[in-house]
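Here is what each chain is made of, one letter per residue.
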Amino acid sequence: MYNEDSYTRHLTLLKVKRVFSMILFSIIGCIIGVLVSSFVVTVLMYNSMFSPIIIAVSTLLFFFISLFTTGNISKEIEDGYWKVAVLRKLTLISKKLDKLDNLEKLDMFIEQEQNDNDSNKI
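On a predicted model such as this, the values are computed, not experimentally measured, just so you know. (Residues numbered from 1 in each chain as written. Predicted model: local features only at pLDDT ≥ 70, side-chain atom pairs only at ≥ 80, totals over all residues. Heavy atoms only, no water.)

## Details of the overall build of the protein
Short version of the rule: Helix and strand definitions here come from DSSP, where helices need a minimum of 4 consecutive H or I residues and strands a minimum of 2 consecutive E residues; each element is numbered from the N-terminal end. Residues are treated as being in contact if the distance between any of their heavy atoms lies within 4.5 Å. Surface accessibility follows the Shrake-Rupley procedure with a 1.4 Å probe radius. Residue values consider only the protein chains on display as shielding.
For the protein, the helix and strand inventory stands at three helices and zero strands. On the principal axes, the C-alpha backbone points of the protein span a range of 115 × 15 × 15 Å. Considering only intrachain contacts with a sequence separation of at least 6, the fraction spanning at least 24 residues in the protein is 80%. Here the protein has roughly 9,800 Å² of accessible surface; of this, 68% comes from carbon and sulfur atoms.

Below, the structure written as structure tokens:
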């Protein structure tokens, strides 16, 4: 059965997973940028002013890679919130229909009682 609390908790965990993976990819990109910049400065003997540029480019590159890899999670979160909204509306409609069904049964019962009373009078 559908449990809204557990489903919203699941969606929250998906958001946390997405943010954590984006941070992790950015840190990995930064580490790779530091390694590449140290290689460029020490081995290739370029000027050290390229070091921050290499680190920034590497970090941004891995950040954008994380955005592409977590895009599916983002779509799943949006679909999940859409499902929660639809299921709330369906629950509301179901409750209203149950009330109408109960009213129809009550009307049928009252009509049957009236018919029984009318037949007893004759």
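## A closer look at the packing of helix H1 (residues 4-42) against helix H2 (residues 50-69)
Here is the rule we go by: Angles here are taken between N-to-C directions and fall from 0 to 180 degrees, while the axes themselves are lines fitted to C-alpha atoms, restricted in helices to the stretch in contact. Just so you know how the angles are binned, under 35 degrees is roughly parallel, over 145 roughly antiparallel, 65 to 115 roughly perpendicular, and the rest oblique. Less than a right angle of anticlockwise turn of the near helix away from the far helix marks a crossing as left-handed, whereas a clockwise turn marks it as right-handed. All amino acids are sorted into three groups, where Ala, Val, Leu, Ile, Met, Phe, Trp, Tyr, Cys and Pro are nonpolar, Asp, Glu, Lys and Arg are charged, and the leftover types, Gly among them, are polar.
At a closest axis distance of 7 Å, the pairing of H1 and H2 adopts a crossing angle of 150°. What the angle tells us is that H1 and H2 run roughly antiparallel. Crossing geometry of H1 relative to H2 is assigned as right-handed. Of the residues in the contact of H1 with H2, the class split is 14 nonpolar, 10 polar and one charged.

## Some points on the side chain of Ser26
Here is the rule we go by: When a residue's accessible area, from a 1.4 Å probe over protein chains only, is under 20% of the maximum for its type it is buried; when over 50% it is exposed; and in between it is partly exposed.
Summarising the element assignment, Ser26 is placed in helix H1. With a relative accessible area of 16%, Ser26 lands in the buried category. In contact with Ser26, other than residues within four places in its own chain, are Thr59 and Phe63.

## Focus on the pattern of salt bridges
Between side chains of opposite charge, pairing is possible as soon as their charged atoms come close. Where we set the bar: The salt bridge definition used is simple: a Lys or Arg side-chain nitrogen within 4 Å of an Asp or Glu carboxyl oxygen.
Counted under the stated rule, the structure contains one salt bridge. Lys75 is paired through a salt bridge with Asp79; the nearest N and O atoms lie 3.1 Å apart. Of this pair, Lys75 and Asp79 both sit in helix H3 (residues 71-121), four residues apart, which is roughly one turn of the helix. For Asp79, a relative accessible area of 33% gives the class partly exposed.

## Some points on H2
Applied cut-off: Given the number of residues in a helix, its expected span is that number minus one, multiplied by 1.5 Å. The directions considered for the arc run from the helix axis to the C-beta atoms.
Compared with the 28 Å implied by 1.5 Å per residue over 20 residues, the 29 Å span of H2 between its first and last C-alpha is a close match. Residues Ser51, Ser58, Phe62 and Ser66 constitute the buried set of H2. Viewed along the axis of H2, the buried residues span an arc of 75°, placing them on a single side of the element. In H2, the exposed positions angled more than 90 degrees off the buried face are occupied by Pro52, Val57 and Phe68. Contact partners of the buried residues in H2: H1.

## Some points on the confidence of the model for the protein
As a reminder of what qualifies: Each residue carries a pLDDT score, the predictor's confidence in it, ranging from 0 to 100.
Looking at the protein, the pLDDT average stands at 84 and 90% of residues meet or exceed 70. By mean pLDDT, H3 is the weakest element of the protein at 78, and H2 is the strongest at 91.

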